[in-house]
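Listed below, chain by chain, are the residues.
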Amino acid sequence: MASSKAHHATGFAAGVIAAAIVARIGGGGSFHVGVLLSFVTGVIGSTAPDWLEVAWWSRARRLWITHRTLTHWGVGWLALLAVSYHWLGHSLYAAPAFGFACGGLMHLFADWPNPLGVPWIAGRHSLNLWNSGHCDLIVVAASWAAAWFIGQHVWLHGVHGTALLQHFRIG
Ligand SMILES: [Zn+2]
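Our next topic: the overall build of the protein chain. Of the regular secondary structure elements, the protein chain holds 7 helices and 0 strands. In sequence order, the secondary structure elements of the protein chain are arranged as α-α-α-α-α-α-α. Looking at the protein chain as a whole, 44% of its 171 residues qualify as buried. Here the analysis covers contacts within the protein chain between residues at least 6 apart in sequence; of these, 64% occur between residues at least 24 apart. In the form shown here, the protein chain has an accessible surface area of approximately 9100 Å², with 73% of it arising from carbon and sulfur atoms.

Of the protein atoms, only Asp50 (OD), His72 (NE2), His107 (NE2) and Asp111 (OD) coordinate the zinc ion, at distances of 2.1 to 2.3 Å. For the zinc ion, the 4 donor atoms in the first shell make angles of 85 to 173° at the metal, a pattern classed as irregular. Between consecutive donor residues of the zinc ion, the sequence gaps follow D-x21-H-x34-H-x3-D. Of this pair, His107 and Asp111 are both found in helix α5 (residues 94–111), 4 residues apart, which corresponds to roughly one turn of the helix.

As a further point, take a nonpolar patch on the surface. Taken together, Leu36, Val40, Ile44, Trp51, Leu52, Trp56, Trp57 and Trp64 make up a surface patch of nonpolar side chains, about 840 Å² in accessible area. The element contributing the most residues to the nonpolar patch is helix α2 (residues 31–45), with 3 residues. Assignment of secondary structure puts Val40 in helix α2.

A word on the nonpolar core. Ile21, Val22, Leu88 and Phe98 are the most contacted members of the largest nonpolar core, which has 18 residues in total. Ranked by the residues each element gives to this core, the list is headed by helix α1 (residues 4–25), at 8 residues.

When two helices pack together, you describe them by how their axes are tilted relative to each other and by the distance separating the axes. Where α2 contacts α5, the two axes come as close as 7 Å, and the packing angle between them is 30°. Considering their axes alone, α2 and α5 lie roughly parallel with respect to each other. When the axes of α2 and α5 are compared, the crossing they make is right-handed. Note on element contacts: α5 touches α2 through Ala95, Pro96, Gly99, Phe100, Gly103 and Gly104, opposite Gly34, Leu37, Ser38, Thr41, Gly42, Ile44 and Gly45.

Let us now look at α2. Here α2 contains 15 residues, and its C-alpha end-to-end distance of 21 Å stays within 8% of the 21 Å for a straight helix at 1.5 Å per residue. Three or more residues of α2 are buried, namely Gly34, Val35, Ser38, Thr41, Gly42, Val43 and Gly45. Structurally, α2 contributes buried residues whose contacts are with α1, α3 (48–51) and α5.

What counts as what
Residues numbered from 1 in each chain as written. Predicted model: local features only at pLDDT ≥ 70, side-chain atom pairs only at ≥ 80, totals over all residues. Heavy atoms only, no water. Helix = DSSP H or I, 4+ residues; strand = E, 2+ residues; numbered from the N terminus. Buried < 20%, exposed > 50% of the residue type's maximum accessible area, 1.4 Å probe, protein only. Contact = heavy atoms within 4.5 Å. Areas by Shrake-Rupley, 256 points an atom, 1.4 Å probe, with all protein chains shown as cover. Donors = N, O, S within 2.8 Å, 3.2 Å for Na, K, Ca; no water. Tetrahedral: all angles 85-135°; square planar, octahedral: opposite > 155°, others 65-115°. Patch = residues over 30% accessible without salt bridge, like charges linked within 9 Å, V, L, I, M, F, W, Y side chains within 5 Å. Salt bridge = Lys/Arg side-chain N within 4 Å of Asp/Glu carboxyl O. Core = buried A, V, L, I, M, F, W, Y, C linked by side-chain atoms within 4.5 Å. Axes fitted to C-alpha atoms, helices over the stretch in contact; angles between N-to-C directions. Parallel < 35°, antiparallel > 145°, perpendicular 65-115°, else oblique. Left-handed = near helix turned anticlockwise from the far one by under 90°. Expected span 1.5 Å × (residues − 1).

Structure below.
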């Protein structure tokens with residue numbers, strides 16, 4: 001994995017991205033609660049793929065599944081993202097779920113460049129760029145660049161940005 005510091009730093013970026021999108025589309029129910037929840041769950045979600053595989057309920061705290069398998073499955077996170085995005089503005093639960101999915105995907109992106117790779121669809125794929133913990137700065141910088149790009153796009157060119165996003169929205 002990328003270092004946990006890197007996961008946290010990228011997690012904040014994921015939270016910002018999720019909150020910006022939720023703020024634009026609407027959280028359903030209370031607007032501010034939705035934005036806040038999506039930010040918080042974005043940060044939490046960014047470390048989720050790693051802590052989800054630890055049996056924290058048991059004393060031994062062993063991994064109950066192999067590291068970087070199911071909890072790092074790209075399709076699962078993307079599905080959660082798509083479903084929660086679809087429900088944004090319709091259900092209060094959509095905003096935190098959306099944030100969580102943004103965080104999880106951010107985690108996958110942060111893990112992707114190092115040699116163990118990430119099982120996006122089937123089988124692991126690695127960008128094979130560097131070893132764990134190296135070049136965290138690049139990963140963090142990229143995540144914040146994305147947050148800045150999406151944030152300013154959503155806030156400044158809201159109509160534009162959401163018009164693009166609406167393509168992916170069914171309802
Ligand atoms: Zn990981």
